[in-house]
Amino acid sequence: MPTTDSPATLAPAVNSPTVSRLRRRPDFLAAADGRRFHTERLTAQGRVRDAGEVRDGESIAGLHLGFTITKRVGHATERNRIRRRLRAAVAELGPELGAVPADVVLIARRPAIDAAFDTLKDDLRRAIPAVAKPRGPNAHARPPRPPKPGAAKGRGKGPSTSRPSDRAAAPARAPSATSNACDGGPDGQ
């Protein structure tokens, strides 16, 4: 009798690498500071974890994935469908990608809802290793961007971008005869 591929025979081995979920905001933010990889259907952001890194008092191993699907992608049922499709693609690629010691966030785009399933899997095969590359020996985290010249921090507060000599040369303005202030006359008559 021929054997069939039932779910019991396709179960992963006990020692196979696992893919876990990212759940905490600081982990999502740390992944956002790492490498990025873009396709038409998704963007991947990720960082390689340090050896021996501990989370919640336990050492962590394997790939940790987080999903972000914003409201711009579509309404709730469309977002949930995209999330289910991405999770299914990750589940199929789990043994292939689970050994990567990285935190990766997948940000879905609208075309992921109609894309062929094999295309989504190919995107994941390219994206996860690309963002999980270790940095070179001389590479450091991105330095902060220098502030733009003349830009003040905050909401419009701070010094003006005009030169003081321009203000001194400009004549003072007299009040307009057609000002918006009330002159005491009757309204609309």
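Residues numbered from 1 in each chain as written. Predicted model: local features only at pLDDT ≥ 70, side-chain atom pairs only at ≥ 80, totals over all residues. Heavy atoms only, no water.

Draft legend 1. Geometry of the overall build of the protein. Counting its regular elements, the protein contains four helices and seven strands. The secondary structure elements of the protein, listed N-terminal to C-terminal, are β-α-β-β-β-β-β-α-β-α-α. Expressed as a percentage of contacts within the protein between residues at least 6 apart in sequence, the contacts between residues at least 24 apart total 80%. If you sum the accessible surface of the protein, you get close to 13900 Å²; carbon and sulfur atoms cover 54% of it. (Helix = DSSP H or I, 4+ residues; strand = E, 2+ residues; numbered from the N terminus. Contact = heavy atoms within 4.5 Å. Areas by Shrake-Rupley, 256 points an atom, 1.4 Å probe, with all protein chains shown as cover.)

Draft legend 2. Spatial organisation of the pattern of salt bridges. For the structure shown, the criterion picks out 11 salt bridges. With a closest N to O distance of 3.3 Å, Arg47 and Asp103 form a salt bridge. Placement of the pair is Arg47 in strand β3 (residues 42–48) and Asp103 in strand β7 (residues 102–108), with a sequence separation of 56 residues. Per residue, the accessibility class of Arg47 equals that of Asp103, and both read buried. The partner of Asp118 in a salt bridge is Lys121, with the nearest N and O atoms 3.7 Å apart. Of this pair, Asp118 and Lys121 are both found in helix α3 (residues 117–131), three residues apart, which corresponds to roughly one turn of the helix. What makes Lys121 buried here is its relative accessible area of 12%. (Salt bridge = Lys/Arg side-chain N within 4 Å of Asp/Glu carboxyl O. Buried < 20%, exposed > 50% of the residue type's maximum accessible area, 1.4 Å probe, protein only.)

Draft legend 3. Broad picture of the packing of helix α2 (residues 76–97) against α3. Relative orientation of the contacting elements α2 and α3 amounts to 55 degrees, with a least axis distance of 9 Å. The orientation of α2 relative to α3 falls into the category oblique. Of the two possible hands of crossing, α2 and α3 adopt the one that is right-handed. In contact with Arg85, Leu86, Ala88, Ala89, Val90, Glu92, Leu93, Glu96 and Leu97 of α2, α3 contributes Phe117, Leu120, Lys121, Leu124, Arg125, Ile128 and Pro129. Residues of the contact of α2 with α3, tallied by class, amount to 11 nonpolar, no polar and five charged. (Axes fitted to C-alpha atoms, helices over the stretch in contact; angles between N-to-C directions. Parallel < 35°, antiparallel > 145°, perpendicular 65-115°, else oblique. Left-handed = near helix turned anticlockwise from the far one by under 90°. Nonpolar A, V, L, I, M, F, W, Y, C, P; charged D, E, K, R; others polar.)

Draft legend 4. A look at α2. Of all the bends in α2, the largest measures some 40 degrees and sits at Ala91, one to four residues before the proline Pro95. Listing the buried residues of α2 in full gives Glu78, Arg79, Ile82, Arg85, Leu86, Ala89, Val90, Leu93, Gly94 and Leu97. Check the buried side of α2 and you find it contacts β1 (19–21), β3, β6 (63–68), β7 and α3. (Bend = angle between axes of the 7 residues up to and from the residue.)

Draft legend 5. The sheet that holds strand β2 (residues 35–38), seen in detail. Pairing in this open sheet of five strands is mixed, and the strands run β1-β6-β7-β3-β2 from one edge to the other. Of all strands in the sheet, those bounded by a partner on one side alone are β1 and β2. Ignoring strand direction, the axes of neighbouring strands in this sheet form an average angle of 25 degrees. Of the pairings in the sheet, the one linking β6 to β7 comprises five bridges and is parallel in character. Bridge pairing links Gly66 to Val105 in β7. Here α2 sits on the sheet and contacts β1, β3, β6 and β7; the angle it forms with β6, its principal contact strand, is near 165 degrees. In the packing of α3 onto the sheet, contacts are made with β2, β3, β6 and β7, and the angle to β3 comes to roughly 35 degrees. (Pairing = 2+ DSSP bridges.)

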